[in-house]
Amino acid sequence: MSQAVPGAEEVRNAVELFQQGLDAQVVPAARELTLRYPQHGLGWMLLGASLKRQQKFEEALHPMQRAADLMPGRAELHSNLGTTYYQLGLYGEAERCYRSALMLQYGHADALFNLGRLQTKQDRFVEAAATFGLLVQAHPNDAEAHAELGIALAGLEQWIAAERCYRRSIELGHRDAVLFDHLSRALLEQGRPEEALAVMREALALKPESASLLGNFLFAWNHVPGPVQPGLPAEAVRLDQLMTAAASAAHTSWSCEAEPEVLRIGFVSGDFRRHPVGSFLASFIGEADKGALALYGYSTKQGEDTVTARLKTNLAAWRSLVGLTAAEAAARIAADGIHILIDLSGHTSHNRLDVFALSPAPVQVTWLGIPATTALRRIGFMLTDRYNSLAGDEASFSERLWTLPESWFCYVPLDPAPEVSSLPALANGQVTFGSFNSMTKINDAVVRTWAGILQAVPDARLVLRNWQLNDAAMVQLMLRRFAAHGIAADRLQLEGPIVSLADHLAQYGKIDIALDPFPFVGGTTSTEALFMGVPVLSMRGTGRMLRLGESLLQHVGLPEWIAPDEKTYVAKAVAFSSELAHLGALRAELRGRMQATSLLDGARFGRQFGDTLWALWREAGAPRM
């Protein structure tokens, strides 16, 4: 009769092999134990753990289940089984295992950590923050737990609290490039781009060969105020080198016709939804000449809404690139015979610049995502307009600037849209300035300039509205930043966003003059302000990015609302604030002025867009077969 449990020597040998990481020897030894002692958990535990360590999660699942069944009182076995389920994408089963572990051992560190990560993965940030909060309370020196708590808080857009967690994690010795990247984002969201850029340099020092970090560096760099040297920063050059080297198998010939009757256009974006990019695209895509253009959508993010549905009805084909490698995505695009492939992301989230590095189309363009260079030379063109870029600006772009005949984009107004209100200053006796731009754009130079306006117009108020101001800590930060320039809290109205677009637009009824931040100026926000009759005061660009604020104002006939420097910006704001009759008349005219341009005319913009792409193809197309 065979014994029911392994002998001490067998146990010692198997465990020593596992502890030494000799998985090639552990697996057969553990399998032998499971055969000889099938009702004893040791062999199943070692077999499952060794297979899991080798990332053979499907093979590991059964032995780990058996180990947990045979030793139900051991919390770590349930936690490890949960991690195996997690790696297989079986999140419900994983969560049940983690909770079983926590019932057996309250505060079990691994179970809490893994449960928190699962909750973060599922965007359950409130639960994740609570879970990691318990973990750091029980283990205050756990550096990774502080980092993960920061990520959960960032998901809740509590950027100041997230910053504290990231910094504490770094203090505890967790020096990881991704962690510095997260910290940089938290600083940028607070309107502290110089600090964000300094932290990004630390991230790149740890991981200099990371294209994603270099892209994030460039995104932060675009927000830093002040003069810039002509040309591209070294980080942009390095990004192009890395992405080009990684895409050594780039296409050099294509299956599309050199002289097509119908030009196939591909749009690549994660924002085919209720988002400025999706909305701008939807404003004209239905007006495109389907006899001359065939439009393809390549989505890089899951999730659809009514804007997605509208876009789909006007596309020749809809493809998902979610989960595809760069090579797989490029092959899918090339198989469609795309003539011109258009990036709509730049260095924003869910971009697929790695796909563009493989040149799946003979002509590649960037547009709409952000008005700044991608730095990727295999994207040959950036769309601009005659006001968006001036002579000499080309030095700040790796792409060739290609001019649209009128506006850079087209805006689709809400239907029915709120009526333009009368000038609020006439009713309340004081001028109200306002900006609904993201806090990322409200840097110290912007605060200083806007505070200067409030100092010069003592009875004026400033309304700021954005997502970040949902956080009470962010409101207090902004109050402190203005207080440093002598502006009392009662001069400011700081508010979070209004979800309803109609209600959001109606808030412009409280604003007499909109203030554009700099150097990263408003796009959608400025367009909405002008549509609601509110003139926008904007700073002249440096050429580092497209001059979007100037372009919008030129198109509606307001060149005098463009300031060349901070001093003039303040002076213009003060002067305009005293011209109530002029402001009232302008308020009544602005929507009509926009309607007379391609900014609000989808059919007109659609024709111009198609003509522009055909002209671009005739000059830059003719692929080698």
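Bear in mind the structure is a predicted one, so any value in this text is a computation, not a measurement. (Residues numbered from 1 in each chain as written. Predicted model: local features only at pLDDT ≥ 70, side-chain atom pairs only at ≥ 80, totals over all residues. Heavy atoms only, no water.)

Student: Got a minute to help me understand the overall build of the protein in this structure?
Tutor: Secondary structure summary: the protein contains 27 helices and 13 strands in total. For the protein, the C-alpha atoms occupy an extent of roughly 105 × 65 × 45 Å along the three principal directions. Out of the 625 residues belonging to the protein, those deemed buried represent 56%. Summed over all atoms, the accessible surface of the protein reaches about 25700 Å², with 52% contributed by carbon and sulfur. (Helix = DSSP H or I, 4+ residues; strand = E, 2+ residues; numbered from the N terminus. Buried < 20%, exposed > 50% of the residue type's maximum accessible area, 1.4 Å probe, protein only. Areas by Shrake-Rupley, 256 points an atom, 1.4 Å probe, with all protein chains shown as cover.)

Student: I'm lost on empty space enclosed by the protein in this one. Help?
Tutor: Empty space left among the atoms is revealed by rolling a probe the size of a water molecule over them. Applying the stated criterion to the full structure yields three cavities of 30 Å³ or more. By volume, the largest cavity amounts to about 90 Å³. Every residue lining the largest cavity is counted, 13 residues in all, and those nearest its centre are Pro-519, Gly-541, Thr-542, Met-545 and Leu-546. With three residues, the single largest contributor to the lining of the largest cavity is helix α24 (residues 548-555). Approximately 60 Å³ is the volume attributed to the second largest cavity. Taken together, Gly-434, Ser-435, Phe-436, Asn-437, Tyr-508, Ala-514, Leu-515, Asp-516, Thr-525, Ser-526, Ala-529 and Val-536 form the lining of the second largest cavity. Every element with two or more residues in the lining of the second largest cavity is listed here: β8 (432-435), β11 (513-515) and α23 (524-531). A total of three residues in the lining of the second largest cavity trace back to one element, the largest contributor, which is α23. The residue inventory of the lining of the second largest cavity, partitioned by class, reads six nonpolar, five polar and one charged. (1 Å grid on protein atoms, 1.4 Å probe; cavity = no way out; pocket = protein on both sides within 12 Å on 5 of 7 lines; lining within 4 Å. Points joined across faces, edges and corners; volume = space filled by probe spheres on them. Nonpolar A, V, L, I, M, F, W, Y, C, P; charged D, E, K, R; others polar.)

Student: What exactly am I supposed to notice about the pattern of salt bridges here?
Tutor: Note on pairing: side chains with opposite charge can pair once their charged atoms come close. For the coordinates displayed, the defined rule picks out 28 salt bridges. Across the pair Lys-312 and Glu-304 runs a salt bridge whose closest N-O atoms are separated by 3.0 Å. Given the relative accessible area of 31%, Lys-312 is considered partly exposed. A relative accessible area of 52% places Glu-304 in the exposed class. With a shortest N-O distance of 3.6 Å, Arg-540 and Glu-550 are connected by a salt bridge. (Salt bridge = Lys/Arg side-chain N within 4 Å of Asp/Glu carboxyl O.)

Student: Explanation requested: the sheet that holds strand β12 (residues 536-539) in the structure shown.
Tutor: What links the strands of a sheet is backbone hydrogen bonding, and the strands pair in either a parallel or an antiparallel sense. Pairing within the open sheet is parallel, and its six strands lie in the order β10-β9-β8-β11-β12-β13. Every interior strand has two partners, whereas the edge strands, β10 (492-495) and β13 (562-563), have only one. Bridge analysis of β12 against β13 gives two bridges, and the strand direction is parallel. Its bridge partner being in β13, Ser-538 is matched across the sheet by Ile-562. Here helix α20 (residues 444-456) sits on the sheet in contact with β8, β9 (461-465), β10 and β11, set at roughly 150° to β9. Seen against the sheet, helix α25 (residues 566-577) touches β8, β11, β12 and β13 and runs at an angle of roughly 170° to β12. (Pairing = 2+ DSSP bridges. Contact = heavy atoms within 4.5 Å. Axes fitted to C-alpha atoms, helices over the stretch in contact; angles between N-to-C directions.)

Student: Just to check I follow, could you spell out the pairing of β10 for this structure?
Tutor: Working note: regular strand, side chains alternate between the two faces of the sheet. Residues Leu-492 and Leu-494 of β10 are buried on one face, and the alternating residues Gln-493 and Glu-495, pointing to the opposite face, are buried as well. Looking at chain direction, β9 and β10 are connected through four bridges and run parallel. By the bridge assignment for β10, Arg-465 is matched with Glu-495. Handedness of the β9-helix α21 (residues 472-483)-β10 crossover: right-handed. (Right-handed = clockwise from strand over helix to strand, strands pointing away.)

Student: What's the story with the packing of aromatic side chains in this structure? I'm lost.
Tutor: By the definition in use, this model includes 19 aromatic pairs. Ring geometry for Trp-367 against Phe-605: centres 6.3 Å apart, planes inclined by 15°, an arrangement best described as stacked. Here Phe-605 lies in helix α27 (residues 602-620) and Trp-367 lies in the loop between β5 (363-366) and β6 (381-385), a separation of 238 residues in the sequence. Like Trp-367, the residue Phe-605 is buried in the burial classification. Here Arg-465 stacks its cationic end above the ring of Phe-436, 5.5 Å away from the centre of that ring. Directly above the aromatic system of Trp-221 lies the positively charged group of Arg-544, at a separation of 4.9 Å from the ring centroid. (Phe/Tyr/Trp six-rings, centres within 6.5 Å; stacked < 30°, edge-to-face > 60°. Lys NZ or Arg CZ within 6 Å of the ring centre and 35° of its normal.)

Student: Is there a simple way to explain the side chain of Glu-406 in this structure?
Tutor: Looking at the secondary structure, you find Glu-406 in the loop between β7 (400-404) and α19 (424-428). Residue class for Glu-406 comes out buried when judged on its relative accessible area of 17%. Engagement of the side chain of Glu-406 in a polar contact is seen with the side chain of Arg-604, the distance being 2.7 Å. Of the polar contacts made by the side chain of Glu-406, one reaches the side chain of Gln-608; its length is 2.5 Å. (Polar contact = N/O pair within 3.5 Å; in protein donor to acceptor, adjacent residues only side chain to side chain.)

Student: Any chance you could explain the sheet that holds β6 here in plain terms?
Tutor: Sheet architecture is open: seven strands sit in the order β3-β2-β1-β4-β5-β6-β7, paired in parallel fashion. This sheet does not close on itself; its edge strands, each paired only once, are β3 (317-320) and β7. Each neighbouring strand pair of the sheet contributes to a mean axis angle of 30°, computed without reference to strand direction. With seven bridges connecting them, strand β1 (residues 263-269) and strand β2 (residues 293-299) associate as parallel partners. By the bridge assignment for β2, Leu-263 is matched with Leu-293.

Student: What exactly am I supposed to notice about the environment of Leu-88 here?
Tutor: Along the chain, Leu-88 falls in the loop between α5 (75-87) and α6 (91-104). For Leu-88, a relative accessible area of 28% corresponds to the partly exposed category. Remark: the alpha-carbon pair of Leu-88 and Thr-374, spanning 286 residues in sequence, is separated by 35 Å. When residues no more than four places from it in sequence are discounted, the contact partners of Leu-88 are Phe-57, Glu-58 and Leu-61.

Student: Mind showing me how you'd approach the pairing of β1 here?
Tutor: Within β1, seven of the seven residues are buried, leaving the element largely enclosed by the surrounding structure. Side chains Leu-263, Ile-265, Phe-267 and Ser-269 of β1 all project onto a buried face; the interleaved residues Arg-264, Gly-266 and Val-268 project onto the opposite face, where all are buried too. Taking the sense of rotation as the criterion, the β-α-β connection linking β1, helix α15 (residues 276-285) and β2 turns out right-handed. Note: β1 against strand β4 (residues 340-343), four bridges, orientation parallel. Across the sheet, Phe-267 pairs through a bridge with Ile-342, a residue of β4.

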